[in-house]
Amino acid sequence: MKAYIQFILLIPIFFCIEILYASTTEKINNDNYYNVGVGDVELDLKLNSSFYGDSSGPSVFTFQVGGNYFISKNLAPGVELFIQDVEGESQFRVLPNVKLYLPGHDRILPYVQAGLGLANVPQASGLNLRLGGGVNYLLTRSVAIGVALQYDFLMAEDGLHRIEIPVGFHFYFKY
């Protein structure tokens, strides 16, 4: 619940940033005004629900932040950070990733994502593999809402499988 309140409190701050630093995004793959492209930075603020594939962990809501940089019209490497304290035990994840945006849509930005990073949760620690996809809907040139479906596999002794459904805001601006 605390992460949810923090998420809600950050929204006005990022809307102010969006007004001050409006994106100068370029048109890609079509003539629509809303798409993003080369040189844009994507900042993600997500509320994340996690469901474990077995009884090894609780299903929880968490807050995560991430960012990606568009090096081409459709390719955006980046990183996601996640830190949480659950029942007195710390959890963290640092996950470099690559997003491939599918072309040809107006305000809708569908993508697939793959990442490999480090994770430490109460059940295990080790390499974290992520595969997933999602869709962002551009509300303005610089602000989108989005939802994703992600599969995480923590490569540890017993292996930990987790399905995540993050929902959040995505902010786009030129670097």
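Each value, and the rule that gives it
Residues numbered from 1 in each chain as written. Predicted model: local features only at pLDDT ≥ 70, side-chain atom pairs only at ≥ 80, totals over all residues. Heavy atoms only, no water. Helix = DSSP H or I, 4+ residues; strand = E, 2+ residues; numbered from the N terminus. Buried < 20%, exposed > 50% of the residue type's maximum accessible area, 1.4 Å probe, protein only. Polar contact = N/O pair within 3.5 Å; in protein donor to acceptor, adjacent residues only side chain to side chain. Contact = heavy atoms within 4.5 Å. Core = buried A, V, L, I, M, F, W, Y, C linked by side-chain atoms within 4.5 Å. pLDDT = per-residue confidence, 0-100. Phe/Tyr/Trp six-rings, centres within 6.5 Å; stacked < 30°, edge-to-face > 60°. Salt bridge = Lys/Arg side-chain N within 4 Å of Asp/Glu carboxyl O.

### Some words on the side chain of Q113
- Structurally, Q113 can be placed in strand β5 (residues 108-121).
- In this structure Q113 comes out as buried when scored by relative accessible area, which is 4%.
- At 3.0 Å, the side chain of Q113 and the side chain of Q150 are in polar contact.
- Every residue in contact with Q113, bar those within four places of it in the chain, is listed here: E80, N97, V98, K99, R130, L131, G132 and Q150.

### What to know about the nonpolar core
- Core analysis: the largest hydrophobic core is formed by 10 residues, namely V36, F70, A76, Y101, L109, Y111, L138, A144, A148 and Y172.
- Listing elements by their share of this core, those giving two or more residues are β5 and β7 (143-155).
- Residues contacting A148, with those up to four places away along its chain left out, are Y111, G133, G134, E164, I165 and P166.

### Things to note about the environment of L75
- Mapping L75 onto the fold places it in strand β3 (residues 75-86).
- L75 sits in the partly exposed class, given a relative accessible area of 30%.
- It is 4.8 Å that separates the C-alpha atoms of L75 and L100, two residues lying 25 residues apart in sequence.
- In this view, L75 contacts Y69, F70, V98, K99 and L100; residues no more than four positions away in its chain are not counted.

### Focus on the confidence of the model for the chain
- Mean pLDDT over the chain stands at 78; residues scoring 70 or higher make up 71%.
- In this model residues 19-32 is a low-confidence stretch, pLDDT under 50, and it forms 37 contacts with partners more than four residues away in sequence or in other chains.

### Describing the packing of aromatic side chains
- Evaluation of the coordinates by the stated rule reveals four aromatic pairs.
- Ring plane angle 50° and centroid distance 6.5 Å describe the contact between F70 and Y172, whose orientation is recorded as tilted. Highlighted residues: F70 in the loop between β2 (60-69) and β3 and Y172 in strand β8 (residues 160-174), separated in sequence by 102 residues.
- For Y172, a relative accessible area of 1% gives the class buried.
- A ring pair is formed by F169 and F171, whose centres lie 6.3 Å apart and whose planes are at 20°; its orientation type is stacked.
- According to the relative accessible area criterion, F169 is buried, its value standing at 17%.
- A relative accessible area of 6% places F171 in the buried class.
- In textbook terms, an aromatic cluster arises when at least three aromatic residues are bridged by ring pairs, as seen for F70, Y101, Y111 and Y172.

### Topic: the pattern of salt bridges
- Following the criterion strictly, the structure yields 12 salt bridges and no others.
- As a salt-bridge pair, R130 and E80 come within 2.4 Å of each other at their nearest N and O atoms. One end of the pair, R130, is in strand β6 (residues 124-138); the other, E80, is in strand β3, with 50 residues separating them in the sequence. Assigned by exposure class, R130 and E80 land together as buried.
- The shortest N-O distance in the salt bridge between R93 and D152 comes to 3.0 Å. Placement of R93 in strand β4 (residues 89-101) and of D152 in strand β7 is noted, with a sequence separation of 59 residues between them. In this structure, R93 and D152 share a single accessibility class: buried.
- Connected through salt bridges with shared partners, the residues E42, D44, K46, E80, R93, K99, R130, D152, R162 and E164 form a single ionic network.

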